[in-house]
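Breakdown of the fold
One-letter residues, chain by chain:
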Amino acid sequence: MSSSAVAPSPLPPAILIERPEHARAVEVLVDRAFGPGRFAKSSERLREGNRKLDDCSFVALLEGRVIGSVRLWPVTVGGAPAAFLGPLAVDAAERSHGLGQALVEAACQAAAKAGWRAVLLVGDAPYFGRIGFSAERAAKAIMPGPADQRRVLVKALVEGGDQGLVGPIRAA
């Protein structure tokens, strides 16, 4: 009788709140994902001098390594508070397995629990649309600096949370 050894299936990544000891690995991951050009993006203006929402920022760990990250930041849209998502980064070898979506969903659930009414981001509508983001309600939310306003998306976390988002988006 012959038996063949079957390798155990790898454990899925653990998604948990980002802790201070993850910060350096997150920065390295984001630098690899976006390169130095990320600092020229208008989204970066909303993060400069701002403080991430610690209870709404997550990492994905695989065997102790940070392989994914998402952060949320407090902003206002015409004076109304909202959470701003970004950057979302997943290690190149781990993409196309739903990890980015899982990170965004975890961040949105945490933001809803923390009392945020909506989450804004700048991104690809077909990708983020699968997670409930839309450009329609964000059409009058104006990003600072040069930005493709069609890529500004919003997701309501409560009924009507995406209404009335009119005016400039600023760091809170």
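For the structure given in this document, a descriptive report is provided here.

Parameters at a glance
- What you see as residue numbers is a count from 1 along each chain, following the sequence as written.
- Thresholds applied to this predicted model are a pLDDT of at least 70 for local features of residues and 80 or more for the giving and counting of side-chain atom pairs; totals over whole chains, interfaces and linings are not thresholded and use all residues.
- With hydrogens and water set aside, each side-chain value is computed from the structure's full complement of heavy atoms.
- When accessible area is computed with a 1.4 Å probe and restricted to protein chains, residues below 20% of their type maximum are described as buried, those above 50% as exposed, and intermediate ones as partly exposed.
- In this text, helices come from DSSP runs of H or I with a minimum length of four residues, and strands from runs of E with a minimum of two, each type numbered from the N-terminal end.
- DSSP calls a pair of strands paired once it identifies at least 2 bridges connecting them.
- By convention, orient the strands away from the viewer: a clockwise path from the first strand over the helix to the second makes the crossover right-handed.
- Definition used for salt bridges: Asp or Glu carboxyl oxygen within 4 Å of a side-chain nitrogen of Lys or Arg.

**As for the pairing of strand E4 (residues 80–90)**
- With respect to burial, E4 is a largely interior element, 9 of its 11 residues being buried.
- Sheet topology note: the strand E3 (residues 65–77)/E4 ladder contains 9 bridges and is antiparallel. Paired with Thr76 across the bridge in E4 is Pro81.
- Between E3 and E4, which pair antiparallel and follow one another directly, the connecting turn spans 2 residues, one of which, Gly78, has a positive phi of 60°.
- Here E4 pairs with strand E5 (residues 118–122) via 2 bridges, running parallel. Along E5, the bridge assignment pairs Phe84 with Leu120.
- The β-α-β motif built from E4, the intervening helix H3 (residues 99–113) and the parallel element E5 has right-handed crossover chirality.

**Points about the pattern of salt bridges**
- For the coordinates displayed, the defined rule picks out 10 salt bridges.
- Between Glu27 and Arg71 there is a salt bridge, and its shortest N-O distance comes to 2.9 Å. Of this pair, Glu27 sits in helix H1 (residues 23–34) while Arg71 sits in strand E3; the two residues are 44 residues apart in sequence, bridging distant segments of the chain.
- We note a salt bridge from Asp54 to Arg51, for which the minimum N-O separation is 3.0 Å.
- In this structure Asp54 comes out as partly exposed when scored by relative accessible area, which is 33%.
- Of the residues examined, Arg51 reaches a relative accessible area of 59% and is grouped as exposed.
- Here the salt bridges do not stand alone but share partners, grouping Glu18, Glu27 and Arg71 into one network.

Note that every value here comes from positions in space, so none of it alone points to a role or purpose.
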